[in-house]
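# A structural walkthrough
Spelled out from the first residue to the last, the chains are:
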Amino acid sequence: MRTEISLHRRGAVTLGLACAAAALVAGALLAFGGPVLALAMLLALGAALWLLRDLNFGFWAVIGIITLLPFAAFPFKLVFIPTFLDAALGGLLILWVLQTAGRGQWAGGRGQR
């Protein structure tokens, strides 16, 4: 009985710490970046999580980038200047590798076989 209570309490503490960290990041983003940047980051995070659900969504994102923004680049330079297409294809490759390595048991276990 004591173990169940301590595990339940540990989950509640972990959830509380995660909420506090999310609030801290959101507050810093609003304070230093403004509401437009905060909203853009929230939409980007939602889109990224949506794309991680299935490989088909990733393929449609790549097709959309090829169609609409084929030469759009990020505003920073690594060894090369990465484009949105590089990022989408890289994310799709990582998702495929993780799905193949996990045999479909990733992101909630809803992968295709």
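The sections below set out a description of the structure shown in this document. These numbers come from a predicted model, not from an experiment. (Residues numbered from 1 in each chain as written. Predicted model: local features only at pLDDT ≥ 70, side-chain atom pairs only at ≥ 80, totals over all residues. Heavy atoms only, no water.)

### A look at the overall build of the protein chain
Note the cut-off: By definition, any uninterrupted DSSP run of H or I lasting at least four residues is a helix, any uninterrupted run of E lasting at least two residues is a strand, and each is numbered from the N terminus. Per-residue accessibility, obtained with a 1.4 Å probe over protein chains only, is compared with the maximum for each type, and a residue is labelled buried under 20%, exposed over 50%, and partly exposed between these values. What makes two residues a contact is simply this: any of their non-hydrogen atoms within 4.5 Å.
What the protein chain contains, in helices and strands, is 4 helices and 0 strands. Along its sequence from the N terminus, the protein chain presents helices and strands in the succession α-α-α-α. When each of the 113 residues of the protein chain is scored for burial, the buried share is 13%. Within the protein chain, counting contacts between residues at least 6 apart in sequence, those at least 24 apart form 36% of the total.

### Quick look at the layout of surface pockets
Gaps left between atoms show up when a probe the size of a water molecule is rolled over them. Heads up, the rule is: Computed over the protein atoms alone on a 1 Å grid, cavities are sets of points where a 1.4 Å probe fits but cannot get out and pockets are open sets with protein on both sides within 12 Å along at least five of seven lines; a residue lines them when it has an atom within 4 Å of a point. Grid points are joined across faces, edges and corners, and a volume is the space filled by probe spheres set on the points. Residue polarity is assigned by list, with Asp, Glu, Lys and Arg as charged and Ala, Val, Leu, Ile, Met, Phe, Trp, Tyr, Cys and Pro as nonpolar; anything else, Gly included, falls into the polar class.
Each pocket or cavity is described by its volume, and for the largest pocket that value is around 390 Å³. Along its surface, the largest pocket is lined by 17 residues, and Leu-51, Ala-61, Ile-65, Ala-87 and Ala-88 are the ones closest to its centre. Sorting the residues of the lining of the largest pocket by element identifies α2 (35–51), α3 (55–68) and α4 (84–101) as the ones contributing at least two each. The residue makeup of the lining of the largest pocket, split by class, is 14 nonpolar, 3 polar and no charged. Considering only enclosed or pocket space, the second largest pocket measures out at about 180 Å³ in volume. Surrounding the second largest pocket, Leu-37, Ala-40, Met-41, Ala-44, Leu-45, Ala-47, Ala-48, Trp-50 and Leu-51 form its lining.

### Observations regarding the nonpolar core
Formally: By convention a nonpolar core is built from buried Ala, Val, Leu, Ile, Met, Phe, Trp, Tyr and Cys residues, the set being connected through side-chain atoms within 4.5 Å.
One finds Leu-55, Val-62, Ile-65, Ala-88, Leu-92 and Leu-95 forming the largest nonpolar core, which totals 6 residues. Those elements that place two or more of their residues in this core are α3 and α4. Beyond its immediate sequence surroundings of up to four residues, Leu-55 is in contact with Leu-92, Leu-95, Trp-96 and Gln-99.

### Comments concerning the packing of aromatic side chains
Basically, it comes down to this: Planes of paired rings set the category: under 30 degrees apart is stacked, over 60 is edge-to-face and the rest tilted, where pairs are Phe, Tyr or Trp rings (Trp by its six-membered ring) whose centres lie within 6.5 Å.
Enumeration over the complete set of coordinates arrives at 3 aromatic pairs. On the numbers, 5.5 Å between centres and 20° between planes, the contact of Phe-74 with Phe-76 is stacked. Judged by its relative accessible area of 26%, Phe-74 is partly exposed. Look at Phe-76 and you get partly exposed, because its relative accessible area is 44%. Put simply, the rings of Phe-74, Phe-76 and Phe-84 touch in pairs and so form one group of aromatic residues.

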